[in-house]
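# Commentary on secondary and tertiary structure
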Amino acid sequence: MSRAAERRAQLERIHAAALAAVAPDALLHDVLAHDADGLRIGAERFGSAARVGALAVGKAAAAMAAACEASLGDALGFGLAVTKDGHGLPLRRFELREAGHPLPDARSREAGLALQERASQPVDVLLVLISGGASALCTCPLPGLTLEPVVATTRALLEGGASIEQFNTVRKHLLELTGGRLARAAAAPRVRGLVVSDVPGDRLDVIASGPLAPDPTSYADALDAAASGCGLDALAPEVRVHLEAGARGERPESPKPGDPCFARVRQRVLAGNGTALAAAASAARDEGFEVEVVDRELAGEAREAGQRLARRALAARGAAPRLWLAGGETTVRVRGGGNGGRCQELALAAALVWEGHSGLSLLAAGTDGTDGPTDAAGAFADGASVARGRRRGVDAADALDRNDSYAFFAAEGGLLRTGPTRTNVMDLVAIAVDPVAG
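Quick summary incoming for the structure in this document. These numbers come from a predicted model, not from an experiment.

The number of helices and strands found in the protein is 16 helices and 15 strands. In terms of overall dimensions, the protein is globule-like: its C-alpha atoms have a radius of gyration of 22 Å, near the 22 Å expected for 438 residues. Summarising its shape, the C-alpha atoms of the protein cover approximately 70 × 55 × 35 Å along the three principal directions. When the 438 residues of the protein are sorted by exposure, 58% land in the buried category.

The mixed open sheet is built from six strands, whose spatial order is 10-11-15-12-13-14. Since the sheet does not close on itself, it has two edges, and those belong to strand 10 (290-298) and strand 14 (415-416), each with one partner. Relative to strand 15 (residues 427-433), strand 11 (residues 322-328) is paired through seven bridges, and the arrangement is antiparallel. For alanine 326, the partnering residue across the bridge sits in strand 15 and is valine 429. Against the sheet, helix 11 (residues 273-286) makes contact with strand 10, strand 11 and strand 15, and its axis sits at roughly 170° relative to strand 11, the strand it touches most. Each of strand 10, strand 11, strand 12 (360-366) and strand 15 is contacted by helix 12 (residues 302-315), which is oriented at about 155° to strand 10, the strand it contacts most.

Turning our eyes to something else, we now look at helix 7 (residues 164-171). Among the eight residues of helix 7, six are classified as buried, and the element is accordingly described as predominantly covered. Along helix 7, the residues that are buried comprise Ile164, Phe167, Asn168, Thr169, Val170 and Arg171. Along its buried surface, helix 7 packs onto helix 5 (134-137), helix 6 (147-160) and helix 9 (219-229).

Attention shifts here to the side chain of threonine 153. Counting through the fold element by element, threonine 153 comes out in helix 6. Contacts of threonine 153, omitting those with residues within four sequence positions, involve Leu174, Leu235, Ala236 and Val239.

So, about the packing of aromatic side chains. Scanning all chains against the criterion turns up one aromatic pair. A centroid spacing of 5.2 Å and a plane angle of 85° characterise the contact between phenylalanine 408 and phenylalanine 409, whose relative ring orientation is edge-to-face. For the pair phenylalanine 408 and phenylalanine 409, a shared accessibility class is recorded, and that class is buried. Sitting above the plane of the tryptophan 324 ring, arginine 312 keeps its charged end 5.1 Å from the centroid.

The next point concerns the packing of helix 12 against helix 13 (residues 342-353). Interaxial distance between helix 12 and helix 13 falls to 7 Å at its minimum, and their mutual angle equals 40°. Considering the angle they form, helix 12 stands oblique to helix 13. Here helix 12 runs over helix 13; the crossing is right-handed. Contact with helix 12, carried on its side by Ala302, Arg303, Ala305, Gly306, Gln307, Ala310, Arg311 and Leu314, involves Arg342, Glu345, Leu346, Ala349, Ala350 and Val353 of helix 13 and no other residues of that element.

About the thresholds
Residues numbered from 1 in each chain as written. Predicted model: local features only at pLDDT ≥ 70, side-chain atom pairs only at ≥ 80, totals over all residues. Heavy atoms only, no water. Helix = DSSP H or I, 4+ residues; strand = E, 2+ residues; numbered from the N terminus. Rg over C-alpha atoms; globule rule 2.2 N^0.38 Å. Buried < 20%, exposed > 50% of the residue type's maximum accessible area, 1.4 Å probe, protein only. Pairing = 2+ DSSP bridges. Contact = heavy atoms within 4.5 Å. Axes fitted to C-alpha atoms, helices over the stretch in contact; angles between N-to-C directions. Phe/Tyr/Trp six-rings, centres within 6.5 Å; stacked < 30°, edge-to-face > 60°. Lys NZ or Arg CZ within 6 Å of the ring centre and 35° of its normal. Parallel < 35°, antiparallel > 145°, perpendicular 65-115°, else oblique. Left-handed = near helix turned anticlockwise from the far one by under 90°.

So, in structure tokens, the structure goes:
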């Protein structure tokens, strides 16, 4: 095995260890149970006669639903799981629906309506299993809006490189179920949320656009977020009219802190990007690396983040093998007509910085198994990536200019394909820095 292949194999093992640590079956095993004394959620006990309903939504929904079935068995009165196409699993007690992501579709609207209907059913405990991606998967527009302008606005925010917080501030003022509205719709006297976080800081009001959390933002904040994320002129006209009317007080606001609907809600974050980083660091030490987490809130333009990390690694080579880790979620401002994702673009930018240098390797990948609108989770890059691409007829700089990182790595051989992981805690970047001779 070549040195490059060995390093790639190590980085892939480290990434796999991180995924294992945030797998829903492992996360829910000790949290959910049902026995002779009834339902247990964490340390909280409910009587054996408690009627339980469950909703699962997000990229991890199917795996979370399967773990819920295994723990609760016959105690589960009803279940509905909504996830991304291809991320489903066979379920016995949950109805499974798949819908569009990142762009919502008609199935997303129908899923949102179905979730509202199930939430309104009379049960003693409503268990809500939440993971990233839920906003798009359950896109049910607020009264006065239709699906098409919401989809167009979603596309504009994606192409504009909006951050997840900007994205969800807008969505909390366009959609049912977001911004605490699911808590308001729930009929159960006790609502319990178990959450896998895909946002910086694990904020419950931002994860999945905060379906069970008080919304501290306003319509005016949504307008500001849209202006920064893509520009107001890029919004669908119907959406801009709706947001501006809301800012004038002509639309009902989302439930705010202190709203009585939240008195019956308790939520718990089971895992986030920090969980994955800790597991990756442990696996890297087992591989013989000195480990440093260099960025726990990786953000900003993907190509700039890749260049910054690559230059820092190039300047920091020493006498011992080191493994740098970074976690978070970058964005891509689309300038060209190519195909790719934020992790692939980050890796390609790093490859250009490292061209001709040995002893530097990087793996950047999403924990959900999909990077942008592609079938890859991310990409591997090193100092020979640019030359390998050139030999196979693709130019790295041109690919980066056209946002066409997928085509470059498909030809060069650097794509990482994991398939759907059925979890989602943002992205991981692992950089191996080999010792410098002498």
